[in-house]
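Structural description and commentary
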Amino acid sequence: MIMKNPPAKPSQLITKEFAKQLNVNYNNKRTASLTAKAAKKDDANAIWYSLEALESYIHYIKTHGAKDGYAVDGIRFYFGVYPDDEQHGEKAGLTTLFLVPTGKKIESSTAKIQSFALVQDSAPADIQSLEPMNYGNIGRPPSLIY
């Protein structure tokens, strides 16, 4: 299938070399931090989500965000660490990445003349009424390095 008008490059693209440097920096910093705590297992250095899972989450947050009165405008990615307990099994104490939808509350105009919704001028905030997404597949060093 030939596309007549290919999509424009996203403005947030970085070079592969810079991506590699960011990954090396993260691995070095996280390893030093864990070594200081006498960690005995390798930590995650990458998280993978399928396109299907991401598309499903985007559909979920857009649909349910609108129902909750939000204009969903993005996803914030947070780093976290699983609790170091038996309940989390092999992930206990390891790094994770979870996704949280962001957006602005939509205010409905009470004026009958205006039939559109007004969006507040505040910065995008985490939408607390929607569940975050977690549980991607982790990559552990040294088996997965960018």
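In every chain, residue numbers begin from 1 and rise along the written sequence. Only residues with pLDDT of at least 70 are given local features in this predicted model, and only at 80 or more are side-chain atom pairs given and counted; all residues enter the totals for whole chains, interfaces and linings. Excluding hydrogens and water, the side-chain values take into account all heavy atoms of the structure.

For this analysis, a salt bridge means a side-chain nitrogen from Lys or Arg found within 4 Å of a carboxyl oxygen belonging to Asp or Glu. Here the structure, examined in full by the defined rule, presents one salt bridge. Asp126 serves as the salt-bridge partner of Arg76, at 2.3 Å between the closest nitrogen and oxygen. Taken together, the residues span a long stretch of sequence, with Arg76 in strand E2 (residues 70-81) and Asp126 in strand E5 (residues 125-126) at a distance of 50 residues. Where helices and strands are cited, they refer to DSSP runs of H or I of at least four residues and of E of at least two residues respectively, numbered from the N terminus.

With that settled, consider the environment of Gln128. For Gln128, the location among the structural elements is in the loop between E5 and strand E6 (137-139). Three labels apply to residues, based on accessible area from a 1.4 Å probe with only protein chains included: buried if under 20% of the type maximum, exposed if over 50%, partly exposed otherwise in between. Judged by relative accessible area, Gln128 falls into the exposed class, the value being 67%. Counting along the chain gives 26 residues from Gln128 to Thr102, while the straight-line C-alpha distance between them is 8.9 Å.

Before going further, it helps to examine the side chain of Thr96. Position of Thr96 among the secondary structure elements: in strand E3 (residues 95-108). Within polar-contact distance, the side chain of Thr96 engages the side chain of Tyr82 at 3.2 Å. Contacts described as polar in this section are N or O atom pairs within 3.5 Å, which, within protein, must combine one atom able to donate a hydrogen with one able to accept it, while residues neighboring in sequence count only if both atoms come from side chains. Here the side chain of Thr96 touches Asn134 through a polar contact of 2.7 Å, side chain to side chain. We call two residues in contact when some of their heavy atoms are within 4.5 Å. Setting aside residues up to four positions removed in sequence, Thr96 forms contacts with Ile47, Tyr78, Phe79, Gly80, Val81, Tyr82 and Asn134.

Let's shift gears to the packing of aromatic side chains. A pair of aromatic rings is counted whenever rings of Phe, Tyr or Trp (Trp by its six-membered ring) have centres within 6.5 Å, and the orientation is called stacked for planes under 30 degrees apart, edge-to-face for over 60 and tilted otherwise. Summed over all chains, the structure comprises three aromatic pairs. On the numbers, 6.3 Å between centres and 20 degrees between planes, the contact of Tyr82 with Tyr135 is stacked. Of this pair, Tyr82 sits in the loop between E2 and E3 while Tyr135 sits in the loop between E5 and E6, and the two are 53 residues apart along the sequence. Using a relative accessible area of 8% as the deciding quantity, one classes Tyr82 as buried.

To continue, consider the side chain of Thr102. Looking at the element boundaries, Thr102 is found in strand E3. A residue is classified by how much of its surface remains accessible, and Thr102, at 5% relative accessible area, is buried. Within the structure, Thr102 has its side chain in polar contact with the side chain of Asp73 (distance 2.9 Å). When sequence neighbours within four positions are dropped, the list of residues in contact with Thr102 reads Ala71, Val72, Asp73, Gly74, Ile75, Arg76, Pro124, Ala125, Asp126 and Ile127.

Right, let's get into the environment of Asn45. With respect to the secondary-structure elements, Asn45 resides in the loop between helix H1 (16-36) and strand E1 (46-48). Between the C-alpha atom of Asn45 and that of Thr95, which follows or precedes it by 50 residues, the distance is 7.7 Å.

Turning to the confidence of the model for the protein chain, a few remarks are in order. Any segment with low pLDDT has predicted coordinates that should not be analysed in fine detail. Residue-level confidence of the predictor is what pLDDT reports, using numbers from 0 through 100. Averaged over all residues, the pLDDT of the protein chain is 78; the fraction at 70 or higher stands at 76%. Looking across the protein chain, the model is least confident in strand E4 (residues 117-119), with a mean pLDDT of 50, and most confident in helix H2 (residues 51-67), with 93. Throughout residues 110-116 the model reports pLDDT below 50, and contacts reaching past four residues in sequence, or to other chains, amount to two contacts.

Put simply, a patch holds well-exposed residues, over 30% relative accessible area, that have no salt bridge, with like charges counted together within 9 Å and Val, Leu, Ile, Met, Phe, Trp or Tyr side chains within 5 Å. Shrake-Rupley sampling with a 1.4 Å probe provides the accessible areas, and residues are treated as covered by the protein chains on show and by no other component. Taken together, the side chains of Ile14, Phe18 and Leu22 make up a nonpolar region of the molecular surface, amounting to roughly 280 Å² of accessible area. Here Leu22 lies in helix H1. For Leu22, a relative accessible area of 40% corresponds to the partly exposed category.

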